[in-house]
Every structure is written in C-alpha cells, then in structure tokens.
Amino acid sequence: MWKQCKWLKTIGDMEQKQITAAYIEAVKAIKKAILESRYRAARLVNKEVLALYYAIGGYISVQSRSAKWGSNAIGTISELLQQELPGLRGFSETSIKRMRIFYEAWCCIFDNRPLATDDLRTNIIPVGDSGRIEIRPLTTDELTPEALDAFLAVGFTNHYEILAHKKDVKQRLFYIVNCATGFWSGDKLKYYMKDDLYSKRGCMPNNFTIAIANTDLRNKALRSFKDEYLLDFVNIEDFDEEDERVIEQQIVHNIKNFIMALGNDFSFMGNQYRLIVSEKEYFIDLLFFNRRLQALVAIELKRGAFKPEYAGKLNFYLSALDENIKLPHENPSIGIILCRDRDLKTVEFAFRDINKPMGVATFRTSSELPKEYQGILPEPEELRKLM
C-alpha cells in the first residue's frame, strides 16, 4: 500500500512538473507575442510621427523660404500652438526648425524633385487662404526595402543627430540602417559618429582573404573590425611612459565602453587569459567571443608601433586557442593587434605566410589631439617648461 501511494505521488509530481512546464511555455509564448505586438505598434507610431514631422517641415519650409512670413514667425507659431493645445510637447521653436531641416534633407529623395519649386508646393503642400498640410506615407523607390524599413524605425531625435553631423547621403543611410538594426541608443549613435565608424569599418589591414576560406564568414569578419578605435575613456597622461598593462587595466575597468568601441556581438571572456602549452603558461591580453562570427577574438595590446614579431606571437596564441579552448561548432579564432601605429608594408610582409586570421588596428586615447590640431600646440613637456 505504501509503495502504491509512493508511486501515485511520483506520478502526481511528474504531472505537476508537466503542467508547470506547460505554464512556462505558455508564459513564454504570450510574452513573445506581447513584445512583438508592442514592437510593431511602436514602429507604426514612429512611422506616423515621422510622416507628420516631415509634412509639417515641408509646410514650414515652403512658407518660410518664400519670404511670405516675417521674422520670428516660427517662434510665434510655436507660442500660438501652445495656447491652442495646452501641454503640447515636441513643438517648440527649435523642434519645428528641426522638422524643416528633416524635410529639406530628404525631400529630394522622398519627393523626387528639387526643393521649393511651384510644382512641389502644389503637389505636396496645398496652401489656400487658410493653409492645409497633407500627411502622406514616406515611400520611395530610391531606397532599398531594408533602408526604408530602417528609416521608418529610427526615432526623430536620432534622425536629427545624424542630419546634424553627417552631410553625405550614403553616410546618413549607413548610420540610419545600423541604428535601426543594432537598436542603438542616442549615446551609442553619437559615439559611433564621433568615432567615424563609416570610414573605419572594413579598412583594417588583415590577412582574412587567405586565412578565411568561407566567403560569408570572411565578409562578416571584415565588417566586424575597424581600422582605428577611439578609447576616449582611457587617460594615460598621468604616466610618464605608456604601459600596456595600464591601458589594459583601464579597458577592463571600462569594459562596457570598450565593447561599445568594438561593436555589437562581442562578449568579454577575460584579461590575461591563461593558456597552457607543454606545461608552460602564456597569457592573452584580452579575450572576447563574437556571437555573429561564432569565434574567439584575441586582442594583444601594444603601446608603440607594430613590429613583425607580434604576428608570430599572436599566431601561436590562436593555434593554442583553436587546439585547447575553441568548441567543435565554433569557427577558427581571430587575432587583433591593437597598437599605436603601423606601417602597412611591414604588416603585409609580416602576415604573408601566416595562416591564422588576424589584423592590425590602431587606437587613440582621450589625451591625444586630433591629427588636424597636432603641431599647432607645443608638446606637454614644452608647455611645462614655458609655464
């Protein structure tokens, strides 16, 4: 009897676990549906907001540029709007001017005709004695479906940031697409524009062409690394001589910022990562895993210019990682030498007979002046003597 009761209890426990598992699956399914619905709703709302701001920007553009309005017209309109709709947000004088900038930046693409022509005025913004604004969906054949979807997914604030800092249409679309697909925050967008991600991505000297046979993986690897990294959170001006370990420690203390500098899909695995080969210890400065590449990424920090011997040492580390650390389903490890400077011909010769994928990138820190200002001001030591 006792055994039968125990058996029934076991069956009951199993059924309860199955029910609990079913509940958990139900919660996951409902949660996923809710989040997807919210995401679609947010996209639709954002799409409508952009269309509204674009139409208002067009109306303001035509009226203000035609000299029909007097000075401070936009400020006056903003104040009157607040009186008509108390508590209205997003329609300050500055915001309305930004809507005009938004329209004037994109009207040649969305409307396929130059700005401020009579045809544009009658076709897009019919204006009678009272005036009327026509809100239309933003669609164009000049943008790829991916670019258009991204355009409609990015918020107006980020749109304006891109317009304010980038003049070239290709660069603007690059940041719009990446902002949408990477779910960039405003701070992350500003960082990547400041770091000039558009120019640096895919330009890093490397041997991927010969070391990575898979074309798709090779292209992903090329897009995953930049030619130069801005480490504006690293401040080494308090040290008489730069030390690789000092830089490494500041990177570790600011690992979130460093991952943002690297880009999406990087996960930090550790610094001074220990490898054991023939009972001897070796240490990799920084080790990451890239989800998109499904590969370990070893980074070696060098305080000076690139030297050929760095490639041999990194090749050794990559071989040890692939032999002892890499999992069977992962791709071969990739190495990056992060240094102050490099000579491209030296890098080319150093990589010529290396069979492990690696590249050489440079870095800048917060204590450095931009290149265009170098040479204008005296060096720090000179300033100390003068003072």
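For the structure, see preceding data.
This one's a predicted model, so the numbers in the text were calculated from it and none came from an experiment. (Residues numbered from 1 in each chain as written. Predicted model: local features only at pLDDT ≥ 70, side-chain atom pairs only at ≥ 80, totals over all residues. Heavy atoms only, no water.)

Caption draft 1: Region of the structure containing the overall build of the chain. Along the backbone of the chain there are 16 helices and six strands. Burial status across the chain gives 39% buried among its 387 residues. In the chain, 64% of the contacts between residues at least 6 apart in sequence involve partners at least 24 apart. When the accessible surface of the chain is totalled, it reaches about 22900 Å², and 53% of it is carbon and sulfur. (Helix = DSSP H or I, 4+ residues; strand = E, 2+ residues; numbered from the N terminus. Buried < 20%, exposed > 50% of the residue type's maximum accessible area, 1.4 Å probe, protein only. Contact = heavy atoms within 4.5 Å. Areas by Shrake-Rupley, 256 points an atom, 1.4 Å probe, with all protein chains shown as cover.)

Caption draft 2: Quick look at the layout of surface pockets. Approximately 490 Å³ is the volume found for the second largest pocket. In terms of lining residues, the second largest pocket is bounded by 19 residues, among which Asn178, Arg201, Asn264, Asp265 and Arg292 are the most central. Sorting the residues of the lining of the second largest pocket by element identifies helix 7 (169-181) and helix 11 (215-224) as the ones contributing at least two each. For the lining of the second largest pocket, a count of residues per class yields six nonpolar, seven polar and six charged. (1 Å grid on protein atoms, 1.4 Å probe; cavity = no way out; pocket = protein on both sides within 12 Å on 5 of 7 lines; lining within 4 Å. Points joined across faces, edges and corners; volume = space filled by probe spheres on them. Nonpolar A, V, L, I, M, F, W, Y, C, P; charged D, E, K, R; others polar.)

Caption draft 3: Focus on the packing of helix 6 (residues 156-165) against helix 7. Put simply, helix 6 and helix 7 touch, their axes get as near as 10 Å, and they point 150° apart. It follows that helix 6 is roughly antiparallel to helix 7 by the angle criterion. The hand of the helix 6/helix 7 crossing is right-handed. For the pair formed by helix 6 and helix 7, the contact residues are Asn158, His159, Ile162 and Leu163 on the first element and Arg172, Tyr175, Ile176 and Cys179 on the second. Partitioning the contact of helix 6 with helix 7 into residue classes produces five nonpolar, two polar and one charged. (Axes fitted to C-alpha atoms, helices over the stretch in contact; angles between N-to-C directions. Parallel < 35°, antiparallel > 145°, perpendicular 65-115°, else oblique. Left-handed = near helix turned anticlockwise from the far one by under 90°.)

Caption draft 4: Just empty space enclosed by the protein, in detail. Within this structure, the stated rule accounts for one cavity of 30 Å³ or more. Phe225, Tyr229, Phe258, Leu262, Val297, Ile299, Ile336 and Leu338 are the residues that line the largest cavity. Elements with a contribution of two residues or more to the lining of the largest cavity: helix 13 (255-262), strand 4 (295-301) and strand 5 (331-339). When the residues that make up the lining of the largest cavity are grouped by side-chain class, the tally is eight nonpolar, no polar and no charged.

Caption draft 5: Inspection of unusual backbone geometry at higher detail. In this structure, Gln272 is a non-glycine residue whose phi angle is positive, near 50°. Topologically, Gln272 is positioned in strand 2 (residues 266-277). Although it is not a glycine, Ser278 sits at a positive phi angle of roughly 55°. Relative to the helices and strands, Ser278 is located in the loop between strand 2 and strand 3 (280-290). By relative accessible area, which is 67% here, Ser278 ends up exposed.

Caption draft 6: View of the pattern of salt bridges. Taken as a whole and judged by the stated rule, the model has nine salt bridges. Close ionic contact of Arg274 with Glu281 constitutes a salt bridge, the shortest N to O distance being 2.8 Å. Its relative accessible area of 47% is what places Arg274 among the partly exposed residues. A salt bridge links Lys356 to Asp322; the nearest nitrogen and oxygen atoms lie 3.0 Å apart. Here Asp322 lies in helix 14 (residues 308-324) and Lys356 lies in the loop between helix 15 (344-351) and strand 6 (358-365), a separation of 34 residues in the sequence. In this structure, Lys356 and Asp322 share a single accessibility class: buried. One network of salt bridges, in which partners are shared, links Asp265, Arg291 and Arg292. (Salt bridge = Lys/Arg side-chain N within 4 Å of Asp/Glu carboxyl O.)

Caption draft 7: A look at the environment of Asp227. Tracing the chain through its elements places Asp227 in the loop between helix 11 and strand 1 (228-231). Classification of Asp227 by relative accessible area gives buried; the value is 18%. A distance of 2.5 Å separates polar atoms of two side chains, one belonging to Asp227 and the other to Arg342. (Polar contact = N/O pair within 3.5 Å; in protein donor to acceptor, adjacent residues only side chain to side chain.)

Caption draft 8: Main features of the packing of aromatic side chains. Tallied over the full model, the rule gives 20 aromatic pairs. Ring centres of Tyr191 and Tyr192 lie 5.7 Å apart, and the angle between their planes is 75°; this geometry places the pair in the edge-to-face category. Exposure class is identical for Tyr191 and Tyr192. Each is buried. Geometrically, the ring pair formed by Phe316 and Tyr317 is tilted, given 6.0 Å between the ring centres and 50° between the ring planes. In this structure Phe316 comes out as partly exposed when scored by relative accessible area, which is 32%. An aromatic cluster of three or more residues is present, and its members are Tyr53, Tyr54, Phe91, Phe102, Tyr103, Trp106, Phe151 and Phe156. (Phe/Tyr/Trp six-rings, centres within 6.5 Å; stacked < 30°, edge-to-face > 60°.)

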